[in-house]
Amino acid sequence: MEIKVLGPGCANCTKMEEMAKQAVKELGIEASVEKVTDMREIMKYTMSTPGLMVNGKLKYSGKPLPPIEKVKELIRSEA
């Protein structure tokens, strides 16, 4: 499974990356979590950051950040 966190590096983007890693650990699944900070790449998928992509599909973008249970649900839906 491939997970990408889209964001330029703001506090919310960092928090989203931490939540994605925590969700993967708690779900016990094999996944890579990559942070994408290139705005040209981010804008291919969303104008609102942070964004969460799972297996090439945009699952969440913008604020407020979702709770950890929602992040786990979004990741689990692609497992």
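Residues numbered from 1 in each chain as written. Predicted model: local features only at pLDDT ≥ 70, side-chain atom pairs only at ≥ 80, totals over all residues. Heavy atoms only, no water.

Student: How would you summarise the packing of helix 1 (residues 11-27) against helix 3 (residues 68-76) if you had to cite specific residues and measurements?
Tutor: Here helix 1 crosses helix 3 at 65 degrees, and the two axes come no closer than 9 Å. Crossing hand, helix 1 versus helix 3: right-handed. Contacts between helix 1 and helix 3 involve Met16, Met19, Ala20, Gln22, Ala23, Val24, Glu26 and Leu27 from the former and Ile68, Val71, Lys72, Ile75 and Arg76 from the latter. (Axes fitted to C-alpha atoms, helices over the stretch in contact; angles between N-to-C directions. Helix = DSSP H or I, 4+ residues; strand = E, 2+ residues; numbered from the N terminus. Left-handed = near helix turned anticlockwise from the far one by under 90°. Contact = heavy atoms within 4.5 Å.)

Student: I'd like to hear about the sheet that holds strand 3 (residues 51-54), residue by residue, with values.
Tutor: With mixed pairing, four strands are arranged side by side in an open sheet as 2-1-3-4. The open sheet terminates on both sides in strands that have one partner only, identified here as strand 2 (32-36) and strand 4 (57-61). The sheet shows a mean angle of 20 degrees between the axes of neighbouring strands, taken without regard to direction. Relative to strand 4, strand 3 runs antiparallel, the two sharing four bridges. Of the residues in strand 4, the one forming a bridge with Met53 is Leu58. (Pairing = 2+ DSSP bridges.)

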